[in-house]
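Architecture and fold: a report
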Amino acid sequence: GEHDITCADGSVRTCELHASFTKDNLIVTFTDVTERNAALERLLLKDLVFASTISANSIADSSGVITDANTAFLELWGYVRKSEVVGKPISDFVDSEEDALRIVGALEQDDEWRGHYVARRKDGTTFVASSLSSVLRDKSGEPVGYQSSVVDATATFEAHQALKEQTR
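Now for a quick tour of the structure.

1. A look at the overall build of the protein chain
For the protein chain, the helix and strand inventory stands at four helices and eight strands. Tracing the protein chain from N to C terminus, the helices and strands come up as β-β-β-α-β-β-α-α-β-β-β-α. Over its C-alpha atoms the protein chain spans a radius of gyration of 24 Å, topping by over 25% the 15 Å that the globule rule assigns to 168 residues. Oriented by its inertia axes, the alpha-carbon framework of the protein chain measures out at about 90 × 35 × 30 Å. Here the protein chain holds 168 residues, and the buried ones make up 29% of them. Sequence-distant contacts, at least 24 apart, represent 30% of the contacts inside the protein chain between residues at least 6 apart. As displayed, the protein chain offers around 11300 Å² of accessible surface, 55% of which is attributable to carbon and sulfur atoms.

Now the structure itself:
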């Protein structure tokens, strides 16, 4: 099990205690798991933020195939289960191939893209997506995928269009 141990300098470390018996001895091993536990907590927090944010978040692999999506993504695009989305190319969620190519081109050049595009829901209806997308890299800096955060900007876009018409 895990136990907190106070060190000589007053710091507290979490250690796993393992005991084993040989014919003549009891062998006790302490493994410091403080950093591992902190890293796991950070990952759980990131997972919680990803899952519970109001923006529609997705992660895709380097070939542009979705590997994860949060509940807001499913709701915005009209899906019920994550399994309906995972394994599909990102381009399936963008209404025009031209927009999809424009976004990918910008990501390849700048590692980040911020803008609007017309998104296509499961039922074929569309909405104006306001998106921030970026390239995900591993520790060595190699691209391993993409992340995207989207909100429905249809109402804002339509209000801007109406304002433009009034000022003409």
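2. A few points about the sheet that holds strand E6 (residues 112-120)
Read across the sheet, five strands follow the order E5-E4-E8-E7-E6 without closing on themselves; strand pairing throughout is antiparallel. Edge positions in the open sheet fall to strand E5 (66-69) and E6, since each of these has one partner strand only. Going across the sheet, the axis of each strand differs from the next one's by a mean of 25°, ignoring polarity. The sheet contact formed by E6 and strand E7 (residues 126-137) spans nine bridges and is antiparallel. Following the sheet pairing, Arg 120 is matched in E7 by Thr 126. The sheet contacts of helix H3 (residues 97-110) involve E6, E7 and strand E8 (143-152), and relative to E6 the element is tilted by about 165°.

3. What about the pairing of E8?
Bridge analysis of strand E4 (residues 56-61) against E8 gives six bridges, and the strand direction is antiparallel. In the strand pairing of E8, Ile 59 is matched with Gln 147. Linking E7 back to E8 in an antiparallel pair, the connection comprises five residues, with Gly 141 at a positive phi of about 90°.

The rules behind these values
Residues numbered from 1 in each chain as written. Predicted model: local features only at pLDDT ≥ 70, side-chain atom pairs only at ≥ 80, totals over all residues. Heavy atoms only, no water. Helix = DSSP H or I, 4+ residues; strand = E, 2+ residues; numbered from the N terminus. Rg over C-alpha atoms; globule rule 2.2 N^0.38 Å. Buried < 20%, exposed > 50% of the residue type's maximum accessible area, 1.4 Å probe, protein only. Contact = heavy atoms within 4.5 Å. Areas by Shrake-Rupley, 256 points an atom, 1.4 Å probe, with all protein chains shown as cover. Pairing = 2+ DSSP bridges. Axes fitted to C-alpha atoms, helices over the stretch in contact; angles between N-to-C directions.

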